[in-house]
Structures are given as structure tokens and as C-alpha cells.
Amino acid sequence: MAETWAQARAVYGPDGVVRDVMTGLYAEQDITILAAFPVYFGGIALNVENPTPASTAPNGIKVRLPGIKSFQLTGEALGYIPSPIPFSEAFTAVQTGVVDGVIGSGAEGYYASFRDVTKTYIPANTHFEVWYMIISDESLAVLNREDLAAMSAKVRAEVWPQVLEDVGSEWGQAILDQVAAASAGFAAELGNATGYDLGLEQNGSYNLQFSEETLAATVAKYKILKEKLGGDYPFEVLGHNALRCEEPTIGPKVVGAILHHQDGHANPLKLLRALADDVRRLGGKVLNGKQVIHVDKPDLFRISCADGTEVRARKLVLSAGLGAMSLGPMLGFKAPIRSQRGQVMITEKLPKLINRPSLIARQRDEGGIQIGATNKQVGLDNGITQPGLSGLAADAIAAFPDLEKAQLVRSWGALRITSPDGLPMYQERTDISGA
Ligand SMILES: Cc1cc2nc3c(=O)[nH]c(=O)nc-3n(C[C@H](O)[C@H](O)[C@H](O)COP(=O)(O)OP(=O)(O)OC[C@H]3O[C@@H](n4cnc5c(N)ncnc54)[C@H](O)[C@@H]3O)c2cc1C
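So, here is what we can say about the structure in this document. (Residues numbered from 1 in each chain as written. Predicted model: local features only at pLDDT ≥ 70, side-chain atom pairs only at ≥ 80, totals over all residues.)

A few words on unusual backbone geometry. The phi angle at Asp-30 is positive, at roughly 60°, despite the residue not being glycine. Looking at where Asp-30 falls in the secondary structure, it is placed in the loop between α2 (17-28) and β1 (31-46). Owing to 12 C-beta atoms within 10 Å, Asp-30 belongs among the exposed residues under this scheme. Although it is not a glycine, Asn-125 adopts a positive phi angle of roughly 50°. (Helix = DSSP H or I, 4+ residues; strand = E, 2+ residues; numbered from the N terminus. Buried ≥ 20, exposed ≤ 12 C-beta atoms within 10 Å, placed from the backbone.)

Right, let's talk about the site of the ligand for a bit. As a structural note, the neighbourhood of the ligand is formed by 15 residues, with Val-292, Ala-320, Gly-321, Gly-323 and Gly-342 the closest of them. Looking at the shell around the ligand, the elements that each hand over two or more residues are β13 (338-349) and β16 (408-418). In terms of residues, the shell around the ligand owes the most to one element, β16, which gives 4 residues. Along the lines of polarity and charge, the residues of the shell around the ligand split into 8 nonpolar, 5 polar and 2 charged. When residues of the shell around the ligand are assigned to domains, at least three fall in each of domain 3 (282-330) and domain 4 (338-418). (Near = placed C-beta within 6 Å. Nonpolar A, V, L, I, M, F, W, Y, C, P; charged D, E, K, R; others polar. Domains from an automatic or database assignment.)

Residues Ala-257, Ala-361, Ala-396, Ala-399 and Phe-400 are the most contacted members of the largest nonpolar core, which totals 20 residues. Secondary structure elements with two or more residues in this core: β7 (205-209), β9 (256-260), β15 (368-371) and α14 (386-399). In terms of residues, this core owes the most to one element, α14, which gives 3 residues. Beyond its immediate stretch of four places on either side in the chain, Ala-257 contacts Tyr-206, Asn-207, Leu-208, Gln-209, Leu-238 and Leu-243. Of all hydrophobic cores here, the second largest spans 19 residues; its members include Ile-61, Val-63, Leu-65 and Val-117. (Core = buried A, V, L, I, M, F, W, Y, C linked by C-beta atoms within 7 Å. Contact = placed C-beta atoms within 7 Å.)

What follows covers helix α4 (residues 87-95). Of all the positions in α4, only Ala-90, Ala-93 and Val-94 are classed as buried. End-on view of α4: buried residues confined to an arc of 90°, all on one side of the axis. In α4, the exposed positions angled more than 90 degrees off the buried face are occupied by Ser-88, Glu-89 and Thr-92. Turning to α4, the residues buried within the fold contact β2 (62-65), β4 (101-106) and α5 (107-114). (Arc of directions from axis to C-beta.)

What follows is about the sheet that holds β16. The strand order across the open sheet built from 4 strands is β14-β15-β13-β16, with neighbouring strands paired in antiparallel fashion. Across the chains shown, the open sheet's two edge strands, defined by having one partner strand only, are β14 (361-363) and β16. Along the sheet, successive strands turn relative to each other by an average axial angle of 25°, direction set aside. Here β13 pairs with β15 via 3 bridges, running antiparallel. Of the residues in β15, the one forming a bridge with Ile-346 is Gln-370. (Pairing = 2+ DSSP bridges. Axes fitted to C-alpha atoms, helices over the stretch in contact; angles between N-to-C directions.)

With respect to topology, 3 strands assemble into an open sheet ordered β10-β11-β12, the strand pairing being antiparallel. At either end of the open sheet lies a strand with only one pairing partner, and these are β10 (292-296) and β12 (310-313). Taken pair by pair, the neighbouring strands of this sheet meet at an average axis angle of 20°, ignoring direction. In this structure, β10 lies alongside strand β11 (residues 301-305), joined through 4 bridges in antiparallel fashion. Along β11, the bridge assignment pairs His-294 with Ser-304.

Given below as C-alpha cells:
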């Protein structure tokens, strides 16, 4: 089925052909697949030497394999004498010499279960092993967001520490750290593919505070959140002096800050260009300046634009931001989203002034400082206002007095897309496949 991880992802991953078939088979039993978990490429573990491991000529070596016809045929085709034996008996079968080895697992599985009776391992790619994480539709239907949050908090608090201890916390934590840095991996991948340095910095961000009262109140809120997340919400409270060590240009009016270690920022213009370039590099076509006015699905999806352009597609991803308010219902999605205006300002390019970003000001890799943004519900008006910009400038100067002398080069208003619970929406139609 797959010879490489990329092929395996294409076959078993979301929208892969096997994944689609399995989804259909499980659906017949009212079961939903939550995830497919790739395990390993299968191989052969022997308690004897195989003098000709690459040969498929009969070798007289007897191997245990699962009682599944395809494994038996694979074993035979590779020159072995197949002997179907349940997994629970396999170790003893090898240990007592009933068979000389096993087929049916992969390197990691053999290491975990058969290392004491294995002398030779042959990475023959006998199969690709994938496990499905499934849940009954009935159970899934009664779980709401709070239930899921409570379950993941409990797992993080009680199960993860135990698992980490079992696998070796140093090794396991290193992997979890890599998971946290996955977006850095994506930035590197995108940067390498397109030649853009996305200016990604993941050294944390500040929530700057101008009074002891608001600092204490904000810390109290984060403590509650941390508790709800089973402790998995790292932040540090810095008083003025500690903050000054990190940010030497911070102003005297800032009493302290909450430092969120996991935050970061990138250069959004370079990110946008890199994403568009990479789509083209991978064979996609970017149609700019089109306004989609209608979507339906006579057979394939039909996307109709205001200028008469029509695009047909088997799969459709709706990522139109606030445009989902009108386009979502055409696809049967509810889109209970609202706009929220944010005004921002950009300064001329300046020498390094700010190390970490905050909601008040952040310095881009190229030197420009972005000040803001405001938050206001004003419908679809994305204009700027004098009180809005003045308020931003006053806060920025209070936080970083050096900004008093900076020249502004532009300012604008933009609309955030907000949902009722503040969380992003990812949803796939189960009745209309492909949306
Ligand atoms: C002032 C401000 C500050 C922000 N700061 C941050 C921040 O610091 N960190 C952060 O992570 N996020 C921030 N955000 C939020 C972030 O910008 C959005 O969450 C993100 O851009 C949403 O991406 P999206 O692709 O879903 O929607 P969008 O970026 O809105 O993209 C949707 C696209 O669809 C197009 N479109 C809509 N309707 C149609 C149609 N009918 N036909 C064709 N095209 C259509 C739109 O023109 C747009 O190009 C900020 C937002 C604002 C406004």
C-alpha cells in the first residue's frame, strides 16, 4: 500500500482512499473515526540467521504470522514457511523453537515484545500498520466542548505524566517539545521550499500591565485557566525590574508583565507570499481578484464568481473569513461569526527596540514596529478613527517611551472573525462528501 511515509499519509491520512473506505465501513456501524495513528512499516524478526535476507527463494525458515490470508501469502512469497499463531502465543512459540521468527509487526513492535528472541531483523516492508482511534456516534453526540476539555485536562494531568515516566521522561519530554515546536517546523519547511525567511520567533510574548491591580487581576485569571488545564499552561510573572532586564527600553509606567513562553510571531506579509508561492509550486492555481457569489453541487462542486468565472471541484474548503457568513449556509454550514474591528499602526523601520511581542507593540524582523490593535464591534466598517489611533499611540509610548520620536508610515483598520466561544471552527460535512 505504501513504500514511504508520504505515500502512507496520502493513502491512510485525511481524504486518503483507505481512510475514506474505513470511514464508510465504520459509519455503517454508527462509529466515527477520530484519527488514524500510523505505527510502522512491517518487517521480519528472526531468532536465526538468514544468510540470504534479500532473496525470496524458499529458505526453510518457519515464521509465525497473524491468522490472516494476506500475511500467509506474503510469508510464502518471501520464501518463508508460514505458520499462523495468535500474537499471545508468538513469543513462546519462538522461544521454544516451534517457529524461527515472526512476521506481523514492525521494528518498534519487535523491540518492545520480541527483543529477547530476535537475532535478525529484516526491514522488508511487509505491511504498513495503522491504528484507528474510534468512538461510537452515540457517545460522540453527548459530548460537548466542556466534556472534551475536561477529558483532555484529565488525560494531561493524570495520564501523560505516567506515560512520560514509563517511556522515560527525558526522551518523552523532548518529543513533546518537538510537538510544541511543530509550527517552527512548518515555517522551516515552507521557508526552504519557497526561499522566504518568515521571520518566525517563538520566544514568548508579554501581556504588559500599567497598574498593580490589573496585574494581580490578570494573573488571577491565568491561574484559574492553568488549573482548568491541569497545570499545562506555562506563564511567568515579571515585576518591573525583571521585565527591564528582558526589555531595556520598557517605560517606568509599566509595573510588570505576564510572560507567555509558548507564544511567538512571524512576518505576516512574507508568510502570505510564501503560502501562495508554495501552492503554485505544488501545482495549484491562485485566482486573485475573484468574488465567489454562489456555491452549489450539481455533481461536482460548482463555484460561481461575480465575473462569470466558474470553477468545478471534487473537494471544497471554505476559508473565506467573514465571507463564510454568506457562503457557509450555501454549503449547509451554520456560520455564527461576527466581525470585530482592530486598528493598527506601523512605524518606520527602527533599530532593535523591542525583543518580545505584546498586544501593545511588536517589532518585525525588518525593523518596523506594529502598534495595536484596538477591539470594537462596528459591523463591517474597517475604517480608522482618530480616538482609536490616539489611544494606541498613547499606550505604545507609555510602554516604550522611545516610540515618541518614531515616524508612523501607515495605519489601517481590519476585521477580525470572531466566533461565539472564541474558538476556531473546523467542520467537515458528513452528508455532502468533500466539503
Ligand atoms: C487587527 C487584527 C489583528 C490581529 N492580530 C492577530 C495576531 O496577532 N495573531 C493572530 O494569530 N491572529 C491575529 N488576527 C487574526 C487573524 O488575522 C485571523 O484569524 C486570520 O487572518 C483568519 O484567517 P482566515 O483565512 O480564516 O480569514 P481571512 O484572513 O479573513 O481570509 C479570508 C479570505 O477570503 C476572502 N473572501 C471572503 N469572501 C470571499 C468571497 N465571497 N469570494 C472570494 N474571496 C472571499 C477574503 O478577501 C480573504 O482574503 C488579527 C486580526 C486583526 C483584524
